[in-house]
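# Summary of structural features
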Amino acid sequence: MKEILNSMVNIETTNRCPAKCVVCPRDTFKPQLQSMDFDLFTNIIDELVQYNTKVVNLCGFGEIFTDNLLEDRLEYTKRRLPNCKIYISTNAYFLYGNYYEMLLDYVDIIKFSIFGVTPETYQKMHKLTYDKTFHNIIQYLNFVKDYDKKPYTSGLFIETDINRHEREDWIKFWEEKLDEISVWKPHSWLDLKYRTIDKNNQISCNRPFSTVYVHANGDVSPCCWDINKKLLVGDLNKNTLTEIMESKALKQIQKKHRRNDFTGLLCGDCDQTCQSEDNLIYSSNKERTIGTYAYEKTVEA
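These figures come from a predicted structure and were not determined experimentally.

### What to know about helix H5 (residues 130–144)
- Between its first and last C-alpha, H5 extends 21 Å over 15 residues, near the 21 Å set by a 1.5 Å rise per residue.
- Those residues of H5 lying buried are Tyr130, Thr133, Asn136, Ile137, Ile138, Tyr140, Leu141 and Val144.
- The inward-facing, buried residues of H5 abut helix H3 (100–106), strand E4 (109–113), helix H4 (119–126), strand E5 (152–158) and helix H6 (167–175).

Okay, structure coming up:
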């Protein structure tokens, strides 16, 4: 089996989402709304068989449960990559009962984005109905609680001025229900300016060396922060993933990141080059640190 430099592959199966979270730059999202063609998806998975990829993240700039082909994708991924972890994240707005057994069968790690603990605050943060998402998550947790083998669950709270007053109540409520929870300061997402970027103190986020992001139409970026495709390194409709991983475009980005030189790259305006320990406000997982992905402390479990 070949070694692949990037241990995680992000495949954006859909970029559609019912939410309009205040910490998300959806208002400035430019790509066409779509779900990934199934043949393109299977081609990507088939190519990954030859590599030692540890995680397939089937999420992107969209809500995974809007994808009508989700079960087919999960089944194909698990069948072709039985030793690879499948990671998904969701706001759970469409997490209905017909998905529960599917998650048990195929998913290893599932992250819930829950930015409030009362209907009023949740509505302000997500622009979704709290009662519906709360019901979906609780029903799912009740369904799987007696199974020995089930997805590892984590909960995410992004703190802003809107929901800061609910942080402790949120922690108290969800910490006993999920395997892991964390509270973070919001990311800047390039277009939304939440964090300060110190141009004199920037270092590589390491993403060009550890992950690759496939957009719903097959375009490839070095990371998920490139939502509007300003840093493309290839197109899987025209090239193989292997060719893209060895491409001049990606190699040039990696070379700059080795030197912590972000001139000419959108990375220079990305807060991931200025990580600070206080960005992680709270985590129930004491091994969780700045710079680790959500799957890393569970991937070997």
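### Some details on a negative patch on the surface
- A surface patch of like charges, here negative, comprises Glu71, Asp72, Glu101 and Asp105.
- Mapped by element, the contributors of at least two residues to the negative patch are helix H2 (70–80) and H3.
- The topology assignment puts Glu101 in helix H3.

### With respect to unusual backbone geometry
- Unlike most non-glycine residues, Ala92 shows phi in positive territory, near 70°.
- By relative accessible area, Ala92 is classed as buried at 0%.
- Of note in this structure, Asn206 is not a glycine but carries a positive phi near 80°.

### Considerations on the pairing of strand E6 (residues 180–184)
- Within E6, 5 of the 5 residues are buried, leaving the element largely enclosed by the surrounding structure.
- The two faces of E6 match: Glu180, Ser182 and Trp184 on one face and Ile181 and Val183 on the other face are all buried.
- As defined by bridge partners, E5 adjoins E6 across 5 bridges and the pair is classed as parallel. Within E6, the residue paired with Ile158 across the bridge is Trp184.
- Handedness of the β-α-β unit built from E5, H6 and E6 comes out right-handed.

### Thoughts on the sheet that holds strand E10 (residues 280–283)
- With mixed pairing, the 10 strands of this open sheet are ordered in space as E9-E8-E7-E1-E2-E3-E4-E5-E6-E10. Each end of this open sheet is capped by a strand with a single partner; those strands are strand E9 (234–235) and E10.
- As paired elements, strand E7 (residues 211–214) and strand E8 (residues 219–221) share 2 bridges and run antiparallel to each other. Pairing of Val214 across the sheet is with Val220, part of E8.
- Contacts from helix H1 (residues 38–48) reach strand E1 (8–11), strand E2 (55–57) and E7, with the element oriented near 175° to E1.
- Along the sheet, H6 makes contact with E5, E6 and E10, crossing E6 at roughly 165°.

### Overview of the packing of aromatic side chains
- Following the criterion strictly, the structure yields 16 aromatic pairs and no others.
- Ring geometry for Phe65 against Tyr99: centres 4.7 Å apart, planes inclined by 50°, an arrangement best described as tilted. Taken together, the residues span a long stretch of sequence, with Phe65 in the loop between E2 and H2 and Tyr99 in the loop between strand E3 (85–90) and H3 at a distance of 34 residues. An identical accessibility class is assigned to Phe65 and Tyr99; each is buried.
- Ring pairs connect the aromatic residues Tyr100, Phe112, Tyr140, Phe143 and Tyr147, which therefore count as one cluster.
- In this structure, Arg26 is placed above the aromatic ring of Phe29, and the distance from its NZ or CZ to the ring centre is 5.4 Å.
- For Lys132, the ring lying beneath its charged end belongs to Tyr93, and the centroid distance is 3.9 Å.

Conventions adopted
- The residue numbers shown here count from 1 along each chain, following its written sequence.
- Local features in a predicted model are, by the rule used here, given only for residues with pLDDT of at least 70; side-chain atom pairs are given and counted only at 80 or more, and totals for whole chains, interfaces and linings are based on all residues.
- Think of the side-chain values as coming from all heavy atoms in the structure, minus any hydrogens and water.
- Secondary structure elements are defined from DSSP: runs of H or I of at least 4 residues count as helices, runs of E of at least 2 residues count as strands, and each element is numbered from the N terminus.
- By definition here, a helix of n residues has an expected span of 1.5 Å times n minus one.
- Throughout this description, buried means an accessible area under 20% of the type-specific maximum (1.4 Å probe, protein chains only), exposed means over 50%, and partly exposed covers the range between.
- In this analysis, two residues are considered to be in contact whenever any of their non-hydrogen atoms come within 4.5 Å of each other.
- Here the term patch refers to residues with relative accessible area over 30% and no salt bridge, with like charges joined within 9 Å and nonpolar side chains (Val, Leu, Ile, Met, Phe, Trp, Tyr) within 5 Å.
- Using the Shrake-Rupley algorithm and a 1.4 Å probe, accessible areas are obtained, with residue cover drawn only from the displayed protein chains.
- Salt-bridge detection follows one rule: a side-chain nitrogen of Lys or Arg within 4 Å of a carboxyl oxygen of Asp or Glu.
- Neither His nor the chain termini are counted; the positive set is Lys and Arg, and the negative set is Asp and Glu.
- Charged groups are reduced to one reference atom each: NZ for lysine, CZ for arginine, CG for aspartic acid, CD for glutamic acid.
- Two strands qualify as a pair provided DSSP detects at least 2 bridges between them.
- Clockwise travel from the first strand over the helix to the second, with the strands pointing away from the viewer, marks a crossover as right-handed.
- For helices, the fitted line uses only the C-alpha atoms of the stretch in contact; every axis is such a line through C-alpha atoms, and the angle between N-to-C directions lies from 0 to 180 degrees.
- Note on aromatic pairs: the rings of Phe, Tyr and Trp (six-membered ring only in Trp) are paired at centre separations within 6.5 Å, and the planes decide the class, stacked below 30 degrees, edge-to-face beyond 60, tilted for the rest.
- Counting as a charge over the ring demands two things of the Lys NZ or Arg CZ atom: a distance within 6 Å of the ring centre and an angle within 35 degrees of the ring normal.

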